[in-house]
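The primary structure of each chain is shown beneath.
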Amino acid sequence: MHNDPSPISRRRTLLLTAAASLGSALPLTSFGATDKKVLQVVAPWEIGGLDPSKTGYIFTRMQITETLVNVDPSGSLAPGLASRWETLGNQLVWRFKLRTGARFHDGSAVTAADVARSLERARNNPGVLGNAPVQKIKADGDTVVIELSRPFTPLAAFLAHASTQILAGSAFAPDGSVKAVIGSGPYRVTSVQPPQKLEVERFDGWTGPKPAIERVAYLAVGRGETRNLMATSGQADLVFTHDPANFERLKALRTLKFQSLAIPRTIYVKVNAGHPALKDAPTRQALSMAIDRAGIAAAVLREPAAAATQLFAPGMAEWHVPTLAPLTRDLTRARELLKTVGWTSGPDGLLRRDGKPFKVTLRTFSDRPELPTIATAIQAQLREIGVDLAVAVMNSGEIPAGHKDGTLELALLARNYSLVPDPVGTLLQDFGPNGGDWGAMNWSSAAVRDAVAALSATNDPQRRSVLRGSIATVLQAELPVIPVAWYQHTASSSTRLVNVSIDPFELSYRIAQMQWARAT
Amino acid sequence: MRRQAPASAFTGALARGLLRLALRAGAVAAIVGAVCFALVRALPGDAAYRIAAGRYGYDIVDTNAADAVRRELGLDRPWWNQLWTWMEDLAHGRLGRSMVSGDPVVEELAHQLGHTLQLSLAAWLLALAVGLAVGTAVALSNRRWLDRLLTSVGLALRATPAFVIALVLATWLAVHAGLLPAAGHGDAQHFVLPSLTLALGLAAGLAQVTRHTTGHVLSTPYVAFARTKGLAPPWVLLRHVMRNSAVPVATYSGTQLVLLVEGVVVVESFFAWPGIGHALVHALIARDIPMVQGTALCMGLLFVCWSALVDAVCWLLDPRLQGHTVSDSRK
């Protein structure tokens, strides 16, 4: 046949082959409108795997899995999978009683043994629980018992972290890896396609109030431009994290509700206080006074309220100290302070001391797109007082690595204080005796160290308040890290949805409480 | 005599083609493997921190987590030791596990390759349809202004980065007209914007090549003879013009895979399309070395297979090539 085929039949064969391959390439698809009954959530975070220690926060935010402890809208700890908890024996034993009637999505009842297994896994994997002084986790009837080696008050807050989410026994493969996300939340997984897509539906075995939204789809979209288009075109109902450049336009749209919310995350400059140029507190204060926080907040972050006046944002009610003298810009005072520690201005306008110029490098990274922009703004602002600052945009890992080998001078980063709802856990890491990878470097304060240690051992509200105040005061005066801005979490929701609220701790998307504006 | 030749010629050409394909694929695999290894090592920054950040989120990563990753993956071994294991695994077809997700690279690639192939094929067929139709129509019309318009629009489309085309198309068709979803995957309608973005640039080049080749064929004596002998115009077009212009067009469309692969990386990450291009970008950011190698290898082999396919199509289309092979094989 191929000896003398006519050109037409050959061409037809080619075309048919091509058409057939396209046909087979589009299986199970239909040209239909997107099902408007499915709530579409869009966020930048990709699903990195099913293990809770990886991107487990996506499963807790989608309300598929639960943690023992939750956080209520006021930021206080609230019951989650544990209905209540108590401490015994000089705060060395914690007992978490499980909510009665709780069921996993495979139909099995949630038992204390299931919880103990998940927590034991969490303790041995990277995450927060490994940093708590846990000695033993065991099941006792319908109660999970955690024994500690020393008193540790933030334990309950640690158990609100997504890496401590509780999975059913059937979620694990024989080798201990997670093969399916089988949780106990109001929504159950119908399909998960890492790294981008997740679909859930309402779980009928949920004993709490019945959610109004039946089906939800999650899509990870890395590009800000694409998220913006998905929000403005109405394709997505709930979109998290918008680029500052789009804020005004999103606010003006009638089909959307745009929300910007201060969350417990602070953008600050980590300082190597052992560096010859940076070792004096007056120098660090002068650097702080040269930073135009209001300008950065308005021009880069497009949110004037983001300018930090101290380390902790006002939203962190217990930690923010309203009486603390705010960090402000004062170039005259900055120059005076620099003079007191021996810096003089050279002919080129740059500061010198003992013949050496004030020349330092600030490391930052682009995982959070605003950081390099803020870094260059700070570069220009410090130039005004004669500091020659170089900006190096690197990988985030260069900051802990530079901390370890001592080569880091300055770093600009965003620190999350809501990893656990009680920032004590983070402060313990950041301001310990040797500083912390993301916190102080070659700086330590016995007062701060003692206060943080005391905080993790006392429940007395009065005493805790005094301790918190003393920590904030020392940090403000010594500036081992120089706060720049309080992070703003942004989200837009379609007006088709009502009862939308944003969780400042980013623990949940709160979909179970949302409703369609009218039946579609 | 002439009748018997093509059968043996076909088998011979097929065998030679397959051998060439295997050699090329082997060379590409070795080069990609070595280059990936060198590239990833040349990237600034400590890979252990980067991989740990990719796995657990950078908030959680500290020196302990990075050290654990270093130990687990043997990143502290000397580079030549790592390269040896690397090439040995590659030779055995072991692509390893993703350092970020922990899943076998082959499984991840299987998932992503399907998405990329679907998108590329849709884009390429769209480009072929538009490019061939426009190019042929312009050549047949024989109007200078139309020719100039085709050249200008073609040049503009080819010079515009895929990212800009994607942004403009999504703004028009998804936001303003509300006709299509702006991004995502799963339904047939999700194909339209990404494949159109890729197809526009490809179609522009294809239309120009088609126009020039068709124009050239139209001016040949054999077309003039076919017309003079009274063959109906559609038959002239089908039997003489299209057949003869098909070979250069097929060869050119083969080279377009480079553009397609380049475009796929941008388009997939813009439209949140879970293909190889998207995976490559993320693997590079996260320093996921096995995934970088797997995706690059996949793209390289795709290219080799595509070239082979184009060669085969040209061989089928052009009897002169077959005759040439026959005489070669008799020597």
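Chemist: Is there a simple way to think about the overall build of chain A in this case?
Modeler: Within chain A, the regular secondary structure consists of 14 helices and 21 strands. Expressed as lengths along the three principal axes of its C-alpha atoms, the size of chain A is roughly 90 × 75 × 50 Å. Sequence-distant contacts, at least 24 apart, represent 67% of the contacts inside chain A between residues at least 6 apart.

Chemist: I'm lost on the packing of helix α10 (residues 233–270) of chain B against helix α11 (residues 276–286) of chain B in this one. Help?
Modeler: Each pair of packed helices can be summarised by the angle the axes make with each other and by the distance between the axes. Residue and element names in this part refer to chain B. Their axes nearest at 7 Å, the elements α10 and α11 cross at an angle of 85°. Taken as axis vectors, α10 and α11 run roughly perpendicular relative to one another. Between α10 and α11, the contacting residues are Val264, Val265, Glu268 and Ser269 on the first element and Gly277, His278, Leu280 and Val281 on the second.

Chemist: Just to check I follow, could you spell out helix α14 (residues 461–478) of chain A for this structure?
Modeler: Within an α-helix, residues lying three or four positions from one another point in the same direction, as the helix has 3.6 residues per turn. All names here are of chain A. Its 18 residues place the ends of α14 26 Å apart at the C-alpha level, agreeing with the 26 Å of an ideal helix rising 1.5 Å per residue. Buried within α14 we find Leu467, Arg468, Ile471, Ala472 and Leu475. The arc enclosing the buried residues of α14, seen along the axis, measures out at 130°, which places them on a common side. When the buried face of α14 is taken as reference, the exposed residues oriented beyond 90 degrees from it are Gln462 and Arg463. Those residues of α14 hidden inside the fold are in contact with α12 (424–430) and α13 (446–455). Just downstream of α14 lies Leu479, where phi reads positive at about 50°.

Chemist: What's the story with the sheet that holds strand β6 (residues 134–140) of chain A in this structure? I'm lost.
Modeler: Pairing between the strands of a sheet comes from backbone hydrogen bonds, and it takes one of two forms, parallel or antiparallel. Residues and elements named next belong to chain A. The strand order β4-β5-β7-β6 describes an open sheet built from 4 strands, whose pairing is antiparallel. The open sheet has two edge strands with one neighbour each: β4 (82–88) and β6. Within the sheet, the average angular offset between the axes of one strand and its neighbour, ignoring direction, is 20°. Across 5 bridges, strand β5 (residues 93–98) lies against strand β7 (residues 143–148) in antiparallel orientation. Opposite Arg95, over in β7, you have Val145 as the bridge partner.

Chemist: Would you explain the confidence of the model for chain B in this entry?
Modeler: Residue and element names in this part refer to chain B. Looking at chain B as a whole, the pLDDT averages 82, with 93% of positions reaching at least 70. Confidence, expressed as mean pLDDT per element, reaches its minimum in chain B at helix α13 (residues 319–330) with 56 and its maximum at helix α7 (residues 162–176) with 92. Taken together, the stretch residues 325–331 has pLDDT below 50 and engages in 7 contacts with residues farther than four places along the chain or on a different chain. In the predicted assembly, ipTM is 0.76 and pTM is 0.80.

Chemist: What am I meant to see in the packing of helix α5 (residues 105–141) of chain B against α11(B) here?
Modeler: All names here are of chain B. Where α5 contacts α11, the axes come no closer than 8 Å and their chain directions differ by 130°. Relative to α11, the element α5 is oriented oblique. When α5 is examined against α11, the residues Glu108, Gln112, Leu113 and Thr116 are found in contact with a partner set consisting of Ile276, Gly277 and Ala279. The residue makeup of the contact of α5 with α11, split by class, is 3 nonpolar, 3 polar and 1 charged.

Chemist: Looking at this structure, how should I read the sheet that holds strand β10 (residues 215–220) of chain A?
Modeler: Residue and element names in this part refer to chain A. Pairing is mixed in the open sheet, where 10 strands are placed in the order β8-β9-β10-β1-β11-β19-β12-β18-β16-β17. Across the chains shown, the open sheet's two edge strands, defined by having one partner strand only, are β8 (187–193) and β17 (388–394). Mean inter-strand twist for the sheet, computed between neighbouring axes without regard to direction, equals 25°. Against the sheet, helix α10 (residues 370–383) touches β12 (256–271), β16 (359–365), β17, β18 (410–416) and β19 (481–494), its axis set at about 170° to β17.

Chemist: What is the right way to look at the domain arrangement of chain B in this model?
Modeler: One widely used convention gives an interface's size as the accessible area the parts lose upon coming together. One can read the domain layout of chain B as domain 1 (4–91) and domain 2 (105–286). When each unit is reduced to the centre of its C-alpha atoms, the spacing between domain 1 of chain B and domain 2 of chain B is 31 Å.

Chemist: I would appreciate a short explanation of the pairing of β4(A) in the present structure.
Modeler: Residues in a regular strand project their side chains so that they alternate between the two faces of the sheet. Two elements, β4(A) and β5(A), share 6 bridges in a ladder whose sense is antiparallel. Within β5(A), the residue paired with A:Trp85 across the bridge is A:Phe96.

Chemist: Which parts of the structure should I look at to understand the confidence of the model for chain A?
Modeler: Atom-level detail of predicted coordinates should not be read off regions where pLDDT is low. Mean pLDDT over chain A stands at 87; residues scoring 70 or higher make up 92%. Confidence drops under pLDDT 50 across residues 1–34 of chain A; counting only partners more than four residues distant or on other chains, this segment forms 28 contacts.

Chemist: Got a minute to help me understand the nonpolar core in this structure?
Modeler: Nonpolar side chains in soluble globular proteins tend to end up buried together. With 158 residues, the main nonpolar core has A:Met62, A:Val216, B:Ala52 and B:Ala123 as its most contacted residues. Each of domain 1 (4–91) and domain 2 (105–286) of chain B accounts for three or more of the residues forming this core. In contact with B:Ala52, other than residues within four places in its own chain, are B:Val61, B:Ala65, B:Ala66 and B:Val69. Within the second largest apolar cluster, 74 residues are counted, among which are A:Ile291, A:Ile296, A:Leu413 and A:Ala414.

Cut-offs applied
- Residues numbered from 1 in each chain as written.
- Chains lettered and ligands numbered in written order.
- Predicted model: local features only at pLDDT ≥ 70, side-chain atom pairs only at ≥ 80, totals over all residues.
- Helix = DSSP H or I, 4+ residues; strand = E, 2+ residues; numbered from the N terminus.
- Contact = placed C-beta atoms within 7 Å.
- Axes fitted to C-alpha atoms, helices over the stretch in contact; angles between N-to-C directions.
- Parallel < 35°, antiparallel > 145°, perpendicular 65-115°, else oblique.
- Expected span 1.5 Å × (residues − 1).
- Buried ≥ 20, exposed ≤ 12 C-beta atoms within 10 Å, placed from the backbone.
- Arc of directions from axis to C-beta.
- Pairing = 2+ DSSP bridges.
- pLDDT = per-residue confidence, 0-100.
- Nonpolar A, V, L, I, M, F, W, Y, C, P; charged D, E, K, R; others polar.
- Domains from an automatic or database assignment.
- Core = buried A, V, L, I, M, F, W, Y, C linked by C-beta atoms within 7 Å.

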